[in-house]
Every structure is written in C-alpha cells, then in structure tokens.
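The primary structure of each chain is shown beneath.
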Amino acid sequence: MIEIREDWCKGCDVCIDRCPVDALEKSDILNKRGVRPPKLKKINKCNYCRLCELLCPDMAITVIAEDKKEEVNKKLLRPVGGRK
Amino acid sequence: MVEIKTADQLNKKYLREGMWPTIFCNGCGHGTVLEYTLWAIEELGWDMDKTVFTSGIGCSSRLPGYINADGLHTTHGRAIAFATGIKAANPDLNIIVFTGDGDCAGIGGNHFIHAARRNIDMTVIMINNFIYGMTGGQLAPTAPLNSIATTAPYGNIEPPFDICNLAKALGANYVARWTVNHPYQPIKSVKDALAKKGFSLVEFLAPCPTAYGRRNRLGDIKKHWEWYDNNTILIEDYERIINYGSEKEKEEVKNMFPIGVFQDLEKPGFFEQYEKLVDRLMIKKNKKPVKKETVISR
Ligand SMILES: Cc1ncc(C[n+]2csc(CCOP(=O)(O)OP(=O)(O)O)c2C)c(N)n1
Ligand code: SF4
Ligand code: SF4
Ligand code: SF4
Ligand SMILES: [Mg+2]
C-alpha cells in the first residue's frame, strides 16, 4: 500500500519517473497547489522497494509493505554512474 | 524508543510541526538530502538534544530550520566558523553543518580549508547545485566549465573547484560525494561521516531546476535528475578505466563526476589532540594526570 500526503506533493513526478517497475501514475486529484499527486496504477508490480518514499523531496509518500512473495527488482538501487 | 520505519514516522520524529513541506522549488534536491541525513541519524540513534545544526545562507542553508533540534542559521559562509565555536564550547555536542556550494566553497572557502586541515570534529554536508540558487543563479565556484549563470551569460570560463579533492588533500578524516538519485549508499555514507571523529565532508550533487537546470537547458525535472545518472561514475570504476581503459573509454568518463568514498582515515580529531595537550601540561605541572574536576577545585 502507498499512502500519499496529497497536499505536500509538489508534482515533481520524481517518484513516477524513477519507480523501477513503473507502478505509479498521476492521480485524478488536484491538490491545493494545483498539481496531481501520484497513485499506484490499478494493475501494478509494486514490490515495496521504498525507492519512491526515500526519493520524494517532501516526504509525501509512505510505503507500507504487504505480504507478497515476489522477487524485488532492484534495478535502480545501485549508482551505476551511467555506464551500462 | 519508537522504531522508525517510514518517511512519515521519520518526519514526525525529527521535523518541526507545521514547517513542512519545504519552501524549495518543485524538483529541488535539498529535501531529499535532509531526508537521507535524518535516516542516518536515526540509524545511529543520536540524541537530538545533543545535536546542533549550523548553516550559512542559501536555499541549502535553510535545512536546519525544519529540524526539531537546536540550530544556528548564521551569516553567509560562516557556518563552519560557528560550528567550530560550538564544538569548542561544548565538545560533547554532535555538530552537523548544512551548507551550499556558494556558502562553503565560495564565500566560506577559507573556513572550510582550515576546519578540514585542523581536523575539527564536525560533519559538513555540502549541497552542490553548481549555482547560487537563492539569489537567482549567479555563477558558483563549483560550476562546470561552460555553465550558464546570470553572471556568466556566455558560459563559464573558470575551472571549477573540486571540494572533495581539496578536503582529501587537507587530510580530512572522511570525504565522500554522492548524488541524490540513489538513497542507500549516501545514507550509509552520511552515517559513517557522522560517526567519524575529526572532520568529515559529504558532498551531494543535487538538482536546482530553477536557477541551474533551466538556464543550462538540462530539460524538465525528469531529464535534469537523469543528468546525474549519466554524468557520474563510481570512483572505483573511474579509476579502473583511467588506469587500464582504452582511449575511447577514457574519453567517455573524462568529464564525469566520480562519486563514492574518497577518503576514510582514523586520525585523531582536533579536540582529542587538544585534550591530550591539556593532560600533558597537567602532568608536567603536577607530575601526574589530574581529573578536570580537581583542577577546578584548586
Ligand atoms: C555577505 C553576503 N554576501 C552575499 C549574500 C547574498 N547571498 C545570499 S545566498 C547567496 C548564495 C548561496 O549559494 P549557495 O550556498 O550555493 O546556496 P543555494 O541557494 O544554491 O543552495 C548569496 C550570494 C549574503 N546573504 N551575504
Ligand atoms: S516525488 Fe513526492 S513531491 Fe514529487 S510527485 Fe512524487 S509525491 Fe509528489
Ligand atoms: S515502493 Fe518501489 S515499486 Fe512500489 S511504487 Fe515505490 S518505487 Fe515503485
Ligand atoms: S532555487 Fe534552486 S536550490 Fe533554491 S529551492 Fe529552487 S531549485 Fe532548490
Ligand atoms: Mg548552490
């Protein structure tokens, strides 16, 4: 589960852009800043890696892990320095 | 003690209520640096009543204002000087300095040099966004060649400061550079820096879309954050390529920013040396080491 403090979100979309499994999208809600905070896609492969939570500059995301025995995709967790 | 597991709990424990979210622009990396630092403090279990934050002036220097702990928001460039004073007055306190590239490498450069040289016990977290963000985008001494700034409208012709190399040359105990893009390495690194006696520096390369990115045509926030993926390389990989790589590989990494831990030493910090000096003089005077309390009562 992903909890969003909607009014804290500035809409940078860093969470959406950097989720390793592309699980997030903009929601339909318009917050008081006039931006649309993220939400989990209806069908998603979120593995609770918490990257979005740790990256959000305004701590607007909290990831609460659910029991799900799937392999964690850690694609983005190592700074590869741009070299493939 | 509550066990902190989520950003929300971290926020409630360490930040001043009602100050959040930050005043920083959309896509700014400063908030992320604060969060990484708080995770590191949480992992160390530091007592916030024994921790003091200092900062100078700039967007980055506003960070201590959000933290529910004592802090000094000082004059431009002087954060390290104030931090030295706090540590001298009460060596039991933990000192963390939040500073910008302008604040630390520009106007405060001399304070930085001497604190690193003297191995003064503090952790400096310098947020390098290549620009004077707060005042609207003047050229910073860390800006890469050809960067555009309001004071360098035709491109920067001055070679930039490598603040990590400088600290390393001065013998600082701990020196590391990271980007904000990947959380785990920097959190561990900040933790190591905080736990280290003597002078420690963690430099963060952080996006400033407003004053730097826009002017330098780095694209939208997504592209600007990606710039840090594509223009940084782990120091271990960098050294391997520079030593053993082909000419083509060397050319590829030549202008990238090495990231990682550059120095990790165990030299005694300034205040440890100072205590030893006091003990040595006491032995000379009394022919035996004397506890501080007894000295006062005489
Ligand atoms: C003595 C003095 N000179 C100049 C200024 C104006 N000034 C305020 S912030 C700043 C630059 C800050 O740059 P940096 O430390 O990189 O912080 P950033 O905003 O980029 O995070 C300057 C020049 C000042 N406040 N005081
Ligand atoms: S990273 Fe945070 S501020 Fe940015 S869009 Fe996601 S929730 Fe909003
Ligand atoms: S927890 Fe990880 S997988 Fe889930 S939405 Fe956040 S970044 Fe994506
Ligand atoms: S001007 Fe730059 S450094 Fe300052 S808050 Fe905006 S993005 Fe961040
Ligand atoms: Mg700056």
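The preceding data block contains the structure.
So, a few notes on the structure that sits alongside this text. (Residues numbered from 1 in each chain as written. Chains lettered and ligands numbered in written order. Predicted model: local features only at pLDDT ≥ 70, side-chain atom pairs only at ≥ 80, totals over all residues. Heavy atoms only, no water.)

Another aspect to go through is the side chain of Thr37(B). Tracing the sequence through the fold places Thr37(B) in helix α2 (residues 30–44). Not counting residues within four places of it along the chain, the set of residues in contact with Thr37(B) comprises Phe98(B), Ile125(B) and Val190(B). (Helix = DSSP H or I, 4+ residues; strand = E, 2+ residues; numbered from the N terminus. Contact = heavy atoms within 4.5 Å.)

Now for the side chain of Arg177(B). Residue and element names in this part refer to chain B. Structurally, Arg177 can be placed in strand β7 (residues 174–179). Take Arg177: its relative accessible area is 3%, and that puts it in the buried class. Looking at Arg177, its side chain comes within polar contact range of the main-chain oxygen of Pro258, at 2.8 Å. In this structure Arg177 touches Asp162, Cys164, Glu203, Leu205, Pro258, Ile259, Gly260 and Phe262, once residues within four positions along its chain are discounted. (Buried < 20%, exposed > 50% of the residue type's maximum accessible area, 1.4 Å probe, protein only. Polar contact = N/O pair within 3.5 Å; in protein donor to acceptor, adjacent residues only side chain to side chain.)

Let us look at the interface of chain A and chain B. In this complex, chain A contributes 30 residues to the contact, which on the side of chain B involves 45 residues. Of the roughly 3000 Å² buried where chain A meets chain B, counting both sides, 55% is carbon and sulfur surface. For the pair chain A and chain B, the number of links is 12 residue pairs in polar contact (both at pLDDT 80 or more). Contributions of two or more residues to the side of chain A that touches chain B are made by α1 (14–18), α2 (51–55) and β4 (61–63) of chain A. At 4 residues, the largest contribution of residues to the side of chain A that touches chain B is made by α2(A). (Buried area = accessible area lost by both parts, 1.4 Å probe.)

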